[in-house]
Amino acid sequence: MSVVAMAAWLGLAVAAPLRTGRARANILFISGRVAPVLLCAAYVVFLAQYWGSTPGGGFQSLGAVQILFAAPGKMLGAWTHFLAFDLLVGRWLVDDASSEGNSRLPLLIALPATFLFGPLGVLLYLAGRALFSPKRVGRSEA
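Remember, it's a predicted structure, so these values are computed and weren't measured experimentally.

### Considering the packing of helix α1 (residues 2–15) against helix α5 (residues 107–117)
Okay, step 1: Where α1 meets α5, the axes come as close as 10 Å, and the angle between the chain directions of the two elements is 165 degrees. One way to sum up the angle between α1 and α5 is to call them roughly antiparallel. Like other packed secondary-structure pairs, α1 and α5 cross with a definite hand, here right-handed. Within the contact between the two elements, α1 uses Met6, Trp9, Leu12 and Ala13 and α5 uses Leu111, Thr114 and Phe115.
Okay, step 2: When grouped by side-chain class, the residues that make up the contact of α1 with α5 number six nonpolar, one polar and no charged.

### Here we look at the nonpolar core
Okay, step 1: Among the nonpolar cores identified, the biggest contains 19 residues, and Leu87, Val94, Leu107 and Leu111 are the most heavily contacted of them.
Okay, step 2: Among the secondary structure elements, those contributing two or more residues to this core are α1, α2 (22–50), α4 (72–98) and α5.
Okay, step 3: Top element by residues in this core is α4. It accounts for six residues.
Okay, step 4: Ignoring anything within four residues of it in the chain, the contact list for Leu111 reads Trp9, Leu12, Ala13, Ala16, Gly90, Leu93 and Val94.

Cut-offs applied
Residues numbered from 1 in each chain as written. Predicted model: local features only at pLDDT ≥ 70, side-chain atom pairs only at ≥ 80, totals over all residues. Heavy atoms only, no water. Axes fitted to C-alpha atoms, helices over the stretch in contact; angles between N-to-C directions. Helix = DSSP H or I, 4+ residues; strand = E, 2+ residues; numbered from the N terminus. Parallel < 35°, antiparallel > 145°, perpendicular 65-115°, else oblique. Left-handed = near helix turned anticlockwise from the far one by under 90°. Contact = heavy atoms within 4.5 Å. Nonpolar A, V, L, I, M, F, W, Y, C, P; charged D, E, K, R; others polar. Core = buried A, V, L, I, M, F, W, Y, C linked by side-chain atoms within 4.5 Å. Buried < 20%, exposed > 50% of the residue type's maximum accessible area, 1.4 Å probe, protein only.

Below is the structure:
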């Protein structure tokens, strides 16, 4: 799982600064669409395989979550969940930074931070976008 995710993140990092074209589109499609879908499919398999395998585990309290993720199969599913969703967020960051009026500069910090720390990377990207994309200032978003 991790190798797929790491290769996909490398693909996002390579594609982000490239000019629009077929090579960039192919790299982004594989890294930001195919890889996350494969990880999502693996997650579904793990979910089905380990469903009901941790009595007392659940999401109603921190203690129940700790019981739930104490089982290696459930932790594998959780890890796969994070890998898939963080990659989808990474693809959104690249797409957003590539849209008109935005700078790709915030991606230098945001992509590695999102890979390592998820939500922190998103916050860094949004802050960087506000700083380096002057056309966004004063414009409301829905």
